[in-house]
Amino acid sequence: MAYDKFTTLTSTAYPLPIENVDTDQIIPARFLKATERVDFDTNFFRDWRYNQDGTPKADFPLNKEMYAGSKILVGGRNFGSGSSREHAAWSVYDFGLRCVISSAFADIFKNNCLNVGVLPVQVSAKFADMLFDAIMADPKTEIEVDLPNQKVTLLTTGASESFDINTYKKDNMLNGFDDIDYLKNIEEEIVEFAKTRPF
Amino acid sequence: MAKTLFDKVWDSHVVRSIKDGPDVFFIDRHFIHEVTSPVAFLGLESRNNSVLYPERTFATADHNTPTMNQHLPVEDPLSANQLNALEKNAAKYGISHWGLGDENNGIVHVIGPENGITLPGSTIVCGDSHTSTHGAFGAIAFGIGTSEVEMVLSTQCIMQPKPKKMRINVVGKLGLGVTPKDVALYIIAKQTTSGATGYFVEYAGEVFEDMSMEGRMTVCNLSIEMGARGGMIAPDAKTYEYLKGRSQTPKGADWDKAMNYWQTLYTEEDAVFDEEFTYEASDIEPMITYGTNPGMGMGVTKSIPTAESLEGGIETYRKSLGYMAFSEGDSMIGKPIDFVFLGSCTNGRIEDFRAFCSIVEGRKKADTVTAWLVPGSHKVVDQIKAEGLDKIILDAGFVLREPGCSACLAMNDDKIPAGKLSVSTSNRNFEGRQGPGSRTLLASPLVAAASAVEGVVTDPRTLMAS
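Conventions used here
Numbers given to residues run from 1 along each chain, matching the order in which its sequence is written. As they are written, the chains are lettered A onward and the ligands numbered 1 onward, keeping that order. Only residues with pLDDT of at least 70 are given local features in this predicted model, and only at 80 or more are side-chain atom pairs given and counted; all residues enter the totals for whole chains, interfaces and linings. Side-chain measures were taken over the full set of non-hydrogen atoms in the model, leaving aside hydrogen atoms and water. Counting from the N terminus, the helices are DSSP H or I runs at least four residues long and the strands are E runs at least two residues long. Every radius of gyration here is taken over C-alpha atoms, with the globule rule written as 2.2 Å times N^0.38, N being the number of residues. By the convention used here, residues are in contact when the closest approach between their heavy atoms is within 4.5 Å. For the purpose of counting charges, residues Lys and Arg are taken to be positive, whereas Asp and Glu are taken to be negative. His and the chain ends are not included. Working definition for charges: the position is that of NZ of Lys, CZ of Arg, CG of Asp or CD of Glu. Categorising residues by exposure relies on relative accessible area from a 1.4 Å probe, with only protein chains included: less than 20% of the type maximum marks a residue as buried, more than 50% marks it as exposed, and the intermediate range marks it as partly exposed. Shrake-Rupley sampling with a 1.4 Å probe provides the accessible areas, and residues are treated as covered by the protein chains on show and by no other component. Two parts placed together each lose some accessible area under a 1.4 Å probe, and adding up what both lose gives the buried area. What counts as a salt bridge is simple: a side-chain nitrogen of Lys or Arg found within 4 Å of a carboxyl oxygen of Asp or Glu. What qualifies as a polar contact is a pair of N or O atoms within 3.5 Å, subject to a donor-acceptor requirement within protein and to the restriction that residues adjacent in sequence count only when both atoms come from side chains. Just so you know the grouping, Ala, Val, Leu, Ile, Met, Phe, Trp, Tyr, Cys and Pro go in nonpolar, Asp, Glu, Lys and Arg go in charged, and all remaining residues, Gly too, go in polar. Pairs of strands are assigned from DSSP output, requiring at least two bridges between the strands. Lines fitted to C-alpha atoms define the axes, with helix axes restricted to the stretch in contact, and inter-axis angles between N-to-C directions lie between 0 and 180 degrees. Definition of nonpolar core: a set of buried residues of the types Ala, Val, Leu, Ile, Met, Phe, Trp, Tyr and Cys, connected through side-chain atoms within 4.5 Å. Put simply, two rings from Phe, Tyr or Trp (the six-membered ring, in Trp's case) pair if the centres are within 6.5 Å, and we call them stacked under 30 degrees between planes, edge-to-face over 60, tilted for the rest. When the strands point away from the viewer and the path from the first strand over the helix to the second turns clockwise, the crossover is right-handed. Only a pair of cysteine sulfur atoms within 2.5 Å qualifies as a disulfide here. Note that the arc is defined by the directions from the helix axis to the C-beta atoms.

J.: Just give me the short version of the overall build of chain B, but keep the residues and values in it.
T.: The helix and strand tally for chain B stands at 17 helices and 18 strands. Here the C-alpha atoms of chain B give a radius of gyration of 21 Å, agreeing with the 23 Å that 2.2 N^0.38 yields for 466 residues. Looking at chain B alone, contacts between residues at least 24 apart form 75% of all its contacts between residues at least 6 apart. For chain B, the centre of its 42 positive side-chain charges and the centre of its 58 negative side-chain charges are spaced 2 Å apart.

Structure follows, in structure tokens:
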């Protein structure tokens with residue numbers, strides 16, 4: 001699944017300061033019936049974004065004009081808990097986001113994001129709170145996510161924090177590679193290994 | 001260095017380790033279903049790859065399937081389209097496919113063990129987070145995304161950093177009416193939905209040793225709900241007895257060889273875990289959830305905690321209770337319910353139907369309750385009939401439906417309407433999980449049965465004692 005390379009991203013951000021946002025909220029199960037990966041932005045946060053009659057909920061951050069076009073989402077603790085559905089990560093990407101910042105991510109969601117070109121940036125709870133405060137105070141607040149230097153900076157104050165990502169995944173994101181490229185290159189080694197498995 | 005069960009299984013599947021990166025991790029068994037596989041097959045084709053080991057992948061239809069009239073064409077065109085795509089892809093690449101109507105069909109995590117595909121010491125993945133179920137057999141099993149489904153199809157490997165290790169011990173004996181589901185919901189309430197994030201859990205202690213294989217599957221199934229990548233339990237005599245003679249298990253000399261290997265699968269005494277917790281079985285009572293994540297659970301006789309008594313996230317907590325239309329301090333006992341759901345990969349096995357029937361036998365379903373009883377597979381249906389449980393179910397005013405994921409995630413026709421309250425034996429009570437606007441209380445088959453006959457949330461012990 002090809003995606004655009006990720007180097008340094010500077011953008012305003014959508015704030016979503018709710019804990020334990022699960023994948024069923026990010027994309028409800030009834031929208032998982034596609035057999036192709038197209039248009040997953042339409043139902044991104046469907047039930048939080050729209051009323052039952054299809055009108056947008058004005059107070060939901062993703063609907064607020066002042067944040068429109070942001071490429072970063074700052075989410076609450078334990079973001080992406082629940083299902084392994086990669087559709088959740090696709091909908092983040094298709095909505096136009098390239099980075100989610102949170103003080104904690106669920107494992108499978110984080111992994112899925114990395115596989116589809118969305119950078120999950122884990123920061124301290126204190127730094128996340130500072131980002132929320134800054135965005136709420138001024139929606140034009142810009143955040144810089146510098147993948148080569150593994151650093152996230154609040155541009156208005158210059159406050160920054162470093163984040164972790166393993167070297168392999170970082171190289172993939174920087175170059176737009178994915179795991180299949182790597183695995184296909186070592187297929188002979190895999191085939192030899194498979195012969196040693198008892199069942 | 002002394003090894004844990006997890007170390008032994010993980011380390012024996014590493015094809016190569018990447019410095020400061022993931023392991024190239026070999027997968028023995030891969031389950032696919034109609035929802036998370038179609039895009040993986042498209043990816044495979046767009047790269048001109050093929051399926052490297054089709055015999056290691058098994059396909060079943062479950063998430064989208066109706067649970068009534070399965071002999072008729074599937075009405076929802078989108079569901080039918082996904083089911084057709086799975087059938088077509090399986091046929092094209094020579095993958096075993098147990099589609100709708102096949103005698104082996106059922107929920108992926110029910111049919112894997114049932115057919116002996118799930119084996120101790122193996123690695124199992126599926127594009128479904130409840131793949132952790134298979135850890136009950138001493139396998140490393142976990143959910144993956146669609147990109148990884150494509151990786152496994154084309155290379156039989158995924159790339160994963162090795163998780164940290166946690167051991168959870170539950171010691172002592174469980175009380176009356178306390179089931180494996182309650183043990184799991186108790187642990188999740190203690191750990192919260194993120195307590196085990198980054199870890200792989202081994203369950204140990206008397207309670208798990210005493211537990212049936214079905215019970216162990218229920219506990220391992222729910223490991224993901226505390227954020228763990230998966231959970232596992234060391235194989236023992238009970239495991240081997242369950243597996244022997246199943247259609248896909250090794251036979252004859254291969255069985256003996258496998259047994260020799262399986263008996264090495266235990267955590268050595270000096271092995272060290274990154275985290276360890278011990279809980280007392282006697283502290284666990286039948287559980288029920290009251291909020292919108294599986295960590296928001298409590299003993300069925302308790303009252304909903306106040307926001308101030310919990311750590312952090314008061315706004316999120318109040319949003320959650322607001323969605324459920326509950327208040328801090330509410331008692332759950334006696335709350336009128338609209339729906340009961342018995343089934344899912346958590347509680348759709350024969351033992352769950354036995355437990356449900358032990359309560360409803362000789363009683364009647366409350367008129368105000370709609371109940372959906374959905375076996376996890378055709379084999380479970382057959383067993384229900386062989387044991388005469390179908391008669392008990394019918395006499396008590398219930399109907400037995402056909403196998404599938406059903407109202408666990410409402411991708412099919414079984415949806416709880418907005419605002420309605422459901423006691424569900426499934427695994428998630430997220431907002432809208434059982435249908436937009438639906439409200440879910442997670443509980444054991446015993447709590448579900450007692451609530452189904454009383455029409456209100458009921459402590460099953462009051463019916464068991466009488």
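Moving on from the coordinates now.
J.: So, the overall build of chain A: which residues are in play, and what are the values?
T.: Summing up its helical and strand segments, chain A has eight helices and eight strands in all. A compact globule built from 199 residues would reach a C-alpha radius of gyration of about 16 Å, and chain A, at 18 Å, matches this within 12%. Across its three principal directions, the C-alpha atoms of chain A cover 60 × 45 × 25 Å. By residue count, 58% of the 199 residues in chain A fall in the buried class. Sequence separation of 24 or more characterises 66% of the internal contacts of chain A that already satisfy a separation of 6 or more. Summed over all atoms, the accessible surface of chain A reaches about 7,900 Å², with 47% contributed by carbon and sulfur.

J.: Which residues make up the environment of B:Met166, and what are the values?
T.: Residues and elements named next belong to chain B. With respect to the helices, strands and loops of the structure, methionine 166 is situated in strand β9 (residues 164-171). Judged by relative accessible area, methionine 166 falls into the buried class, the value being 1%. Excluding residues within four positions of it along the chain, methionine 166 makes contact with Gln191, Gly195, Ala196, Tyr199, Phe200, Val201, Glu202, Phe273, Glu275 and Phe277.

J.: Summarise the interface of chain A and chain B; cite the residues concerned and give the values.
T.: Taken together, the contacts link 54 residues of chain A with 77 residues of chain B. Summed over both sides, the interface of chain A with chain B buries roughly 5,400 Å², with 57% coming from carbon and sulfur. Counting across the interface, chain A meets chain B through six salt bridges. Linking A:Arg197 and B:Asp28 is a salt bridge whose minimum nitrogen-to-oxygen distance equals 2.9 Å. Between chain A and chain B we count 30 residue pairs in polar contact (both at pLDDT 80 or more) in total. For the side of chain A that touches chain B, the secondary-structure elements that each account for two or more residues are α1 (23-26), α3 (87-94), α4 (107-116), α6 (167-175), α7 (179-185) and α8 (187-194) of chain A. When grouped by side-chain class, the residues that make up the side of chain A that touches chain B number 21 nonpolar, 15 polar and 18 charged.

J.: I'd love a proper account of the sheet that holds strand β18 (residues 439-442) of chain B, names of residues and values included.
T.: Residue and element names in this part refer to chain B. The sheet built from four strands is open, its strands ordered β16-β15-β17-β18 with parallel pairing. What marks the edges here is a single partner per strand, and that holds for β16 (370-373) and β18. Strand after strand, the sheet turns through a mean of 20° between neighbouring axes, direction not considered. Sheet analysis places strand β15 (residues 339-342) next to strand β17 (residues 421-424), joined by three bridges and oriented parallel. Within β17, the position partnered with phenylalanine 339 by the bridge is serine 422. Helix-sheet contacts for helix α13 (residues 350-360) involve β15 and β16, and the interaxial angle to β15 is about 140°.

J.: Talk me through the nonpolar core; I want residue IDs and the actual numbers.
T.: A:Phe45, A:Phe79, A:Ile101, A:Leu119, A:Ile143, A:Val145 and B:Phe356 are the most contacted members of the largest nonpolar core, which totals 111 residues. Not counting residues up to four positions away in its chain, the partners in contact with A:Phe79 are A:Leu16, A:Val21, A:Ile26, A:Phe45, A:Leu73, A:Val100, A:Ser102, A:Ala104, A:Phe105, A:Ala106 and A:Phe109.

J.: So what's going on with the sheet that holds strand β4 (residues 57-60) of chain B? Which residues, and what values?
T.: Within a sheet, neighbouring strands are paired by backbone hydrogen bonds and run either parallel or antiparallel to one another. Residue and element names in this part refer to chain B. In spatial order, the strands read β5-β4-β3-β6-β7; together these five strands make up an open sheet with parallel pairing. Two strands in the sheet have a free side with no partner beyond their single neighbour: β5 (96-98) and β7 (140-143). Ignoring strand direction, the axes of neighbouring strands in this sheet form an average angle of 20°.

J.: A description of the packing of aromatic side chains should follow, citing residues and the corresponding values.
T.: For the coordinates displayed, the defined rule picks out 27 aromatic pairs over all chains. On the basis of an interplanar angle of 50° and a centroid distance of 5.5 Å, the ring pair of A:Phe193 and B:Phe26 is categorised as tilted. Highlighted residues: A:Phe193 in helix α8 and B:Phe26 in strand β2 (residues 23-26), drawn from two different chains. As far as burial versus exposure is concerned, A:Phe193 and B:Phe26 are alike and both buried.

J.: Any details on the pairing of strand β10 (residues 199-204) of chain B? Residues and values, ideally.
T.: All names here are of chain B. Here β10 lies mainly inside the structure; six of its six residues are buried. Where burial is concerned, the two faces of β10 agree: the one with Tyr199, Val201 and Tyr203 and the one with Phe200, Glu202 and Ala204 are both buried. For the crossover that starts at β9, traverses helix α6 (residues 180-191) and ends in the parallel β10, the hand is right-handed. Inspection of the sheet shows β10 paired to strand β11 (residues 230-232) by three bridges, in the parallel sense. Counterpart to glutamate 202 in the pairing with β11 is methionine 232.

J.: Describe the side chain of B:Glu431, and please don't skip the residues or the numbers.
T.: Within the secondary structure, B:Glu431 is located in the loop between β17 and β18. A distance of 2.9 Å separates polar atoms of two side chains, one belonging to B:Glu431 and the other to B:Lys319. In this view, B:Glu431 contacts A:Gln25, A:Trp48, B:Thr292, B:Lys319 and B:Tyr323; residues no more than four positions away in its chain are not counted.

J.: Can you break down the pattern of salt bridges residue by residue, with the values?
T.: A side chain of one charge can pair with a side chain of the opposite charge if their charged atoms are brought near each other. Overall, the coordinates contain 35 salt bridges over all chains when judged by the stated rule. A:Lys33 serves as the salt-bridge partner of B:Asp76, at 2.5 Å between the closest nitrogen and oxygen. Taken together, the residues B:Asp76 in the loop between β4 and α3 (77-93) and A:Lys33 in the loop between α1 and α2 (46-49) connect one chain to another. Residue A:Lys33 is classed as buried on the basis of its relative accessible area of 8%. Note that B:Arg461 is salt-bridged to B:Glu285, the shortest N-O span being 2.6 Å. One end of the pair, B:Arg461, is in helix α17 (residues 460-465); the other, B:Glu285, is in the loop between β12 (275-280) and β13 (287-289), with 176 residues separating them in the sequence. Residue classification places B:Arg461 among the partly exposed positions, given a relative accessible area of 22%. Each of B:Lys3, B:Asp7, B:Asp11, B:Lys162 and B:Lys165 takes part in one network of salt bridges that share partners.

J.: I'd like to hear about the environment of B:Gly198, residue by residue, with values.
T.: Counting through the fold element by element, B:Gly198 comes out in the loop between α6 and β10. Contacts of B:Gly198, omitting those with residues within four sequence positions, involve A:Asp107, B:Pro163, B:Lys164 and B:Gly227.

J.: Break down the environment of A:Lys170 for me, with residues and values.
T.: Residue and element names in this part refer to chain A. Relative to the helices and strands, lysine 170 resides in helix α6. Looking at lysine 170, the relative accessible area reads 13%, which means it is buried. As a C-alpha pair, lysine 170 and alanine 128 span 42 residues in sequence and 22 Å in three-dimensional space. Apart from the residues within four sequence positions on either side, lysine 170 is in contact with Leu147, Pro148, Gln150 and Ile165.

J.: Can you tell me about the state of the cysteines, naming the residues and giving the values?
T.: Residue and element names in this part refer to chain B. If you walk through the whole model with that rule in mind, you get zero disulfides over all chains. Cysteine 408 supplies the cysteine sulfur nearest to cysteine 345, a cysteine that is in no disulfide, at a spacing of 6.0 Å. Judged by relative accessible area, which is 5%, cysteine 408 ranks as buried.

J.: So what's going on with helix α11 (residues 314-324) of chain B? Which residues, and what values?
T.: Residue and element names in this part refer to chain B. What α11 keeps buried is the set Thr316, Tyr317, Ser320, Leu321 and Met324. Mapping the buried residues of α11 onto a view down its axis gives an arc of 135°, with all of them on the same face. Turned more than 90 degrees away from the buried face of α11, the exposed residues are Glu315 and Gly322. Residues of α11 that are buried in the fold lie against β17 and β18. At the C-terminal side of α11, alanine 325 shows a positive phi close to 60°.

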